[in-house]
Amino acid sequence: MNLLLDTNIILHIVRSRDFEGIIRFLNPDDSPIFLSIVSEAEIKSLALRNNWGINRRTILDNFLDQVNIVEINQSYVNIYAEIDAYSQRLNPSFDSYGFDTPRNMGKNDLWIASLSALLSLRLVTTDSDFDHLNNVFFEVRKVSSSDFQTFF
């Protein structure tokens, strides 16, 4: 299945000493890797705010050259609204929810989730922000930060 990487995964990739190894770990089937332009903006902002050196910026640029970056457009709007309403437990298309209280998602995470749902991509992340959407709108593959230790 094609993969969509959350921004936190990109951060692990850029920090690793074994760029190719971490890519093989995340993508053993060598499936196409996608990235939302939102994640590209988030990681580039992080690089600027933290004054990344030339080596780390070069790794980032090399990684970005190897993935499919998808821009936001009008086709996201309806699925964005569906996911946002679902996360707030206010989507009339659902009679029940797999969670008890509303989930406040960041707007960037909503755009990332919308892309995953729109293109039927497996979202790879280290955090719990998308757990309530797993197997409802798309598949979530959660990777523990400790899984990356061998690459540092």
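Up top you'll find the structure we're talking about.
Residues numbered from 1 in each chain as written. Predicted model: local features only at pLDDT ≥ 70, side-chain atom pairs only at ≥ 80, totals over all residues. Heavy atoms only, no water.

Participant: What exactly am I supposed to notice about the packing of aromatic side chains here?
Facilitator: Both the distance between ring centres and the angle between the ring planes are used here to describe each pair of aromatic rings. Within this structure, the stated rule accounts for 11 aromatic pairs. Considering the side-chain rings of Tyr-80 and Trp-111, the 4.4 Å spacing of their centres and the 45° angle between planes classify their relative orientation as tilted. Taken together, the residues Tyr-80 in helix α5 (residues 77–87) and Trp-111 in helix α6 (residues 107–119) connect sequence positions 31 residues apart. Joined through ring pairs, the aromatic side chains of Tyr-86, Phe-94, Tyr-97, Phe-99 and Phe-137 make up one cluster. Over the aromatic face of Trp-52 sits the side chain of Arg-56, whose NZ or CZ is 5.5 Å from the ring centroid. (Phe/Tyr/Trp six-rings, centres within 6.5 Å; stacked < 30°, edge-to-face > 60°. Helix = DSSP H or I, 4+ residues; strand = E, 2+ residues; numbered from the N terminus. Lys NZ or Arg CZ within 6 Å of the ring centre and 35° of its normal.)

Participant: Whenever I open this one, helix α3 (residues 37–49) confuses me. Can you help?
Facilitator: It helps to recall that an α-helix has 3.6 residues per turn; residues three or four apart then point in one direction. In this model, α3 (13 residues) spans 18 Å end to end at C-alpha, consistent with the 18 Å of a helix rising 1.5 Å per residue. Looking at α3, one finds that the buried residues are Val-38, Ser-39, Glu-40, Ile-43, Leu-46 and Ala-47. Turning to α3, the residues buried within the fold contact β1 (3–5), α1 (7–15), β2 (33–36), α4 (54–66), β3 (68–70) and α6. Of the residues flanking the end of α3, it is Asn-51, one or two places downstream, whose phi is positive at about 50°. (Expected span 1.5 Å × (residues − 1). Buried < 20%, exposed > 50% of the residue type's maximum accessible area, 1.4 Å probe, protein only. Contact = heavy atoms within 4.5 Å.)

Participant: How should I be thinking about the packing of α3 against α6 in this particular structure?
Facilitator: Helices that pack against each other are described as a pair by the angle of their axes relative to one another and the distance between those axes. The geometry of α3 relative to α6 is characterised by a closest axis approach of 9 Å and an angle of 140° between their N-to-C directions. Of the possible angle classes, the one that applies to α3 and α6 is oblique. Seen from α3, the contacting residues are Val-38, Ser-39 and Glu-42; seen from α6, they are Asn-108, Trp-111 and Ile-112. Of the residues that constitute the contact of α3 with α6, the class distribution is three nonpolar, two polar and one charged. (Axes fitted to C-alpha atoms, helices over the stretch in contact; angles between N-to-C directions. Parallel < 35°, antiparallel > 145°, perpendicular 65-115°, else oblique. Nonpolar A, V, L, I, M, F, W, Y, C, P; charged D, E, K, R; others polar.)

Participant: So what exactly am I meant to see when it comes to the environment of Asn-73 here?
Facilitator: Tracing the chain through its elements places Asn-73 in the loop between β3 and α5. When the C-alpha positions of Asn-73 and Leu-115 are compared, they lie 10.0 Å apart, and in sequence the two are 42 residues distant. Engagement of the side chain of Asn-73 in a polar contact is seen with the side chain of Ser-75, the distance being 2.4 Å. (Polar contact = N/O pair within 3.5 Å; in protein donor to acceptor, adjacent residues only side chain to side chain.)

Participant: Explanation requested: the pairing of strand β4 (residues 122–125) in the structure shown.
Facilitator: Regular strands place side chains that alternate from one sheet face to the opposite one. As paired elements, β1 and β4 share three bridges and run parallel to each other. Residue Leu-4 lies in a different strand from β4, and its bridge partner there is Leu-123. Where β4 and strand β5 (residues 140–142) come together, three bridges link them in parallel fashion. Its bridge partner lying in β5, Val-124 is registered against Arg-141. (Pairing = 2+ DSSP bridges.)

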